[in-house]
Amino acid sequence: AIAVPGLLAYSTWVMAEWFVVVSSLVTVWVAARWGTRPSGALLCGVALGGCVLVRESGIFLVPALVLLIGRSRLRLSLLAGAFLAFQLLVSAPLNSARPPFASTTVSGSSVNSESLRAAREGRVLDSVRQLAGRAERNIAALPSAGTEQQLTLFWLLAVPALAWLSWGELANRARLMLIGLSLGLAAVVLATVTLTDLVGWNGPRYWTFLTIPFFSLLPHPVNRGRQGMLFVVIALCLATSLSILFTFRRFKSQGAQTDEVAYFDRYAPPDSYTRVVWQNGYKLGVRRYPVEVIVSLPQSREEYRALARAVWFDYVVLSTWQDVLDDKGRYVLVNRDDPDPLLKIFRRLR
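Conventions used here
- Residues numbered from 1 in each chain as written.
- Predicted model: local features only at pLDDT ≥ 70, side-chain atom pairs only at ≥ 80, totals over all residues.
- Heavy atoms only, no water.
- Helix = DSSP H or I, 4+ residues; strand = E, 2+ residues; numbered from the N terminus.
- Expected span 1.5 Å × (residues − 1).
- Buried < 20%, exposed > 50% of the residue type's maximum accessible area, 1.4 Å probe, protein only.
- Patch = residues over 30% accessible without salt bridge, like charges linked within 9 Å, V, L, I, M, F, W, Y side chains within 5 Å.
- Areas by Shrake-Rupley, 256 points an atom, 1.4 Å probe, with all protein chains shown as cover.
- Salt bridge = Lys/Arg side-chain N within 4 Å of Asp/Glu carboxyl O.
- Axes fitted to C-alpha atoms, helices over the stretch in contact; angles between N-to-C directions.
- Parallel < 35°, antiparallel > 145°, perpendicular 65-115°, else oblique.
- Left-handed = near helix turned anticlockwise from the far one by under 90°.
- Contact = heavy atoms within 4.5 Å.
- Nonpolar A, V, L, I, M, F, W, Y, C, P; charged D, E, K, R; others polar.
- Pairing = 2+ DSSP bridges.
- Right-handed = clockwise from strand over helix to strand, strands pointing away.

Draft legend 1. Spotlight on helix H2 (residues 17-34). Here H2 is 18 residues long and its end C-alpha atoms lie 26 Å apart, about the 26 Å a rise of 1.5 Å per residue gives. Among the residues of H2, Glu17, Val20, Val21, Ser23, Ser24, Thr27, Val28, Val30 and Ala31 are the ones counted as buried.

Draft legend 2. Geometry of the environment of tyrosine 282. For tyrosine 282, the position within the fold is in helix H13 (residues 282-287). Judged by its relative accessible area of 30%, tyrosine 282 falls in the partly exposed class. Linking tyrosine 282 and isoleucine 294, residues 12 residues apart in sequence, is a C-alpha distance of 9.1 Å.

Draft legend 3. Here's a closer look at a nonpolar patch on the surface. On the surface, Leu238, Leu242, Leu245 and Phe246 cluster together to form a nonpolar patch covering roughly 390 Å² of accessible area. Looking at the element boundaries, leucine 242 is found in helix H11 (residues 227-257).

Draft legend 4. Broad picture of unusual backbone geometry. The amide bond that connects tyrosine 289 to the next residue, proline 290, takes the cis arrangement and shows omega of 15°. Locating proline 290 in the fold gives a position in the loop between H13 and strand S4 (292-294).

Draft legend 5. Spatial organisation of the packing of helix H8 (residues 147-163) against helix H9 (residues 172-195). Between H8 and H9, the shortest axis-to-axis distance is 11 Å and the interhelical angle comes to 155°. The angle between H8 and H9 falls in the class roughly antiparallel. For the pair H8 and H9, the sense of crossing is left-handed. Contact residues: Leu156, Leu157, Pro160 and Ala163 in H8; Leu178, Leu185 and Val189 in H9. Its residues assigned to classes, the contact of H8 with H9 shows 7 nonpolar, no polar and no charged.

Draft legend 6. Structural view of the sheet that holds strand S6 (residues 331-333). Taken together, 5 strands build an open sheet; the order of strands is S4-S3-S5-S7-S6 and the sheet is mixed. A single partner strand is all that each edge strand has here, and the edge strands are S4 and S6. For this sheet the average axis-to-axis angle between neighbouring strands, irrespective of direction, equals 25°. As judged from the 3 bridges shared by strand S3 (residues 275-278) and strand S5 (residues 315-318), these two strands associate in the parallel manner. Residue pairing across strands places valine 276 opposite tyrosine 315, the latter belonging to S5. Running over the sheet, helix H12 (residues 260-267) touches S3, S5 and strand S7 (344-348) and is turned about 125° from S3.

Draft legend 7. Local environment of the pairing of S3. Across 3 bridges, S3 lies against S4 in parallel orientation. If you follow arginine 275 over to S4, its bridge partner there is glutamate 292. Following the backbone out of S3, through H13 and into the adjacent parallel S4, one traces a crossover that is right-handed.

In structure tokens form, the structure reads like this:
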């Protein structure tokens, strides 16, 4: 997993992808190793609960777990019971104070809330049309995505496809694992394409944890004379990793030329705030410690009002193209006089 380029994109960012991958691998390993025992099914349910606690997309492991545990009613009941108990005793208390806008944003991009709202109201056809429209926009956006994103999405699907070439040499439980992982991956791909934005690293973010277990199912390259396949996988991972590194290097060099914290300081004296809403405000948190920075950015005025009711914050920093806030009552744009603003800096009034 260390060499997987899909994780390289997150290793230098504050994201939970490594924990998702580790917890998912542990869950699959428990099911493969002890899933046919009642105690193993119970432990697998607890492991799945921990995986879903880290990120809800861990639920897409269920097809593989069910197939590995088998058709025993006892084992399946223990799996479900342990998972539900974990949700009630651990996940529910930890999420009780979760902000209401957290469920409508993914990686800073809006979930297809219109489709979800239509489904809740029973407007099935409207919901399906919204899902199809988001899928169409995602597919149309792929050609304009960065090379590193296109390569990452390709190998995330290529590795599972290559794993199916080993079907004839796999044991029965390995075949069950291959089928279950493939069903889970297909489901998460469908959910990503129809509910979120595929480009912008959302695809790799939610697919990686399911792709990595497929490496254990790849055809053996030595005994079967498939060294060429191993070379292709390694070359693809290397090319993707280099592409990501070059992209990060360009991004870092651009950040060095424009000091956004210094620009923020021009309009917000350090003693005028204790908490700031800023999606990319990590440097502010480091330079102005113990100032708190909220990096999960609300996506609508309703979400800002919900956040404002939950906690106090002094400023909101947005990109110049974002127009979710205005300076009519609740906020004032303090850098309005700048003819070429680097950011939009709003001070909260009440």
